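Chains, contacts and geometry: an overview
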Amino acid sequence: MFSNIGIPGLILILVIALIIFGPSKLPEIGRAFGRTLSEFKTATRELVSSEEKEEEKKPALTAVKKEG
């Protein structure tokens, strides 16, 4: 999705953000974005680990040959 932006596009986005929010608000926005990203990472780790635990609890299925 962001592979086509490039360095000039990122610079343009940062300049627009600086104009809109001002230099005093940008650190707060960056911290909030970082916290959100770290919470998302921990939530996905917990979700994956809970799925793995549920899979471990399930009994393994084995094939049974029918004699006859």
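Whatever comes next refers back to the structure up there.
Presented here is a report on the structure given in the accompanying data block.

Rules behind the numbers
- Residues numbered from 1 in each chain as written.
- Predicted model: local features only at pLDDT ≥ 70, side-chain atom pairs only at ≥ 80, totals over all residues.
- Heavy atoms only, no water.
- Helix = DSSP H or I, 4+ residues; strand = E, 2+ residues; numbered from the N terminus.
- Buried < 20%, exposed > 50% of the residue type's maximum accessible area, 1.4 Å probe, protein only.
- Areas by Shrake-Rupley, 256 points an atom, 1.4 Å probe, with all protein chains shown as cover.
- Patch = residues over 30% accessible without salt bridge, like charges linked within 9 Å, V, L, I, M, F, W, Y side chains within 5 Å.
- Salt bridge = Lys/Arg side-chain N within 4 Å of Asp/Glu carboxyl O.
- Contact = heavy atoms within 4.5 Å.

Our focus in this paragraph is the overall build of the protein. A tally of helices and strands in the protein yields two helices and zero strands. The buried share among the 68 residues of the protein stands at 4%. Total accessible area on the protein is roughly 6900 Å²; 65% of this is exposed by carbon and sulfur atoms.

Once that is clear, we can look at a nonpolar patch on the surface. A cluster of nonpolar side chains, contributed by I7, L10, I11, I13, V15 and I19, occupies part of the molecular surface with about 600 Å² of accessible area. Examined against the element boundaries, I11 turns out to sit in helix α1 (residues 6-21).

What follows covers the environment of A17. Structurally, A17 can be placed in helix α1. In contact with A17, other than residues within four places in its own chain, are G22 and L26.

The full count for this structure, using the stated rule, is one salt bridge. Here K25 makes a salt bridge to E28, at a shortest N to O gap of 3.9 Å.

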